[in-house]
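Understanding the architecture of this molecule
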Amino acid sequence: RTRRQPFQDLPWGDVARDVPEADREAARLVWTQSAFFEYASAASFAEIASLLLACGAPIDLAAAAGEFVLEEVLHAELSARLAMAMGGAVALEVDLDRLVRPPHGEAPLLRAAEVIVRTCCVGEALTLPLLKATRQRSDVAVVQVVMDAIARDESAHAQLGTWFLDWAAEALTDPDRAALG
């Protein structure tokens, strides 16, 4: 409830007025897809939290991953609200059983490393510059607030990869590193 509070009083009803009609259909698709991607990220961080606990990682890393689940769910909600404000979500076919690609590693540490590298070091790290560039092009106040909030959180989400790899560095073998590459 505390995380959602800053967004409750945004002028959601003004969004459609502020987005040109010719752009609304594309915006509906973009924000619907964003809602799904954020939802999938929440699933990834839930898996990461579990994997971190299974490999004996420091509790602060597991706690951060758990915290990130909540943030990603909020991002999904905000994205969905933007899609709805622009006329409604677009139907997407998704397989909820495949939200997180399972790791291939045998050892718990390598399994955690696979999902963390994929999610944090690649996915979240690539999302941040895209968000910032897109944010600079938007002149819709509510969209700017939402994108600023998502970008602020994604920075820490990407850092989890570095935090984990710093902790796990000595335990990862050369073959482990090659597999992660």
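All of the points below concern the structure found in this document. (Residues numbered from 1 in each chain as written. Predicted model: local features only at pLDDT ≥ 70, side-chain atom pairs only at ≥ 80, totals over all residues. Heavy atoms only, no water.)

Our next topic: the packing of helix H3 (residues 21-54) against helix H4 (residues 59-85). For the pair H3 and H4, the least separation of the axes is 8 Å and the interaxial angle reads 165°. As summarised for this structure, H3 and H4 are arranged roughly antiparallel, according to the angle between their axes. Note on packing geometry: the crossing formed by H3 with H4 is left-handed. Counted by class, the contact of H3 with H4 contains 21 nonpolar, six polar and three charged residues. (Axes fitted to C-alpha atoms, helices over the stretch in contact; angles between N-to-C directions. Helix = DSSP H or I, 4+ residues; strand = E, 2+ residues; numbered from the N terminus. Parallel < 35°, antiparallel > 145°, perpendicular 65-115°, else oblique. Left-handed = near helix turned anticlockwise from the far one by under 90°. Nonpolar A, V, L, I, M, F, W, Y, C, P; charged D, E, K, R; others polar.)

Next up on the list: the layout of surface pockets. In this structure, the largest pocket encloses a volume near 1100 Å³. As for the largest pocket, its lining consists of 37 residues, of which Val30, Ser34, Phe37, Thr127 and Leu131 are closest to the centre. Elements that contribute at least two residues to the lining of the largest pocket include exactly H3, helix H5 (108-137) and helix H6 (141-168). Among the elements that make up the lining of the largest pocket, the one with the highest residue count is H3 (12 residues). Lining the second largest pocket we find Arg101, His104, Gly105, Glu114, Val117, Arg118, Ala179 and Leu180. Ranked by residues supplied to the lining of the second largest pocket, first place goes to H5 with three residues. For the lining of the second largest pocket, a count of residues per class yields three nonpolar, two polar and three charged. (1 Å grid on protein atoms, 1.4 Å probe; cavity = no way out; pocket = protein on both sides within 12 Å on 5 of 7 lines; lining within 4 Å. Points joined across faces, edges and corners; volume = space filled by probe spheres on them.)

Moving on, we get to the packing of H3 against H6. Here H3 crosses H6 at 30°, and the two axes come no closer than 13 Å. Comparing their axes, H6 and H3 come out roughly parallel. Crossing of H3 over H6 shows left-handed handedness. From H3, Trp31, Glu38, Phe45, Ile48 and Leu52 reach across to H6, where they touch Val143, Val146, Met147, Ile150, Glu154, His157, Leu160 and Phe164. Among the residues forming the contact of H3 with H6, the class breakdown is 10 nonpolar, one polar and two charged. (Contact = heavy atoms within 4.5 Å.)

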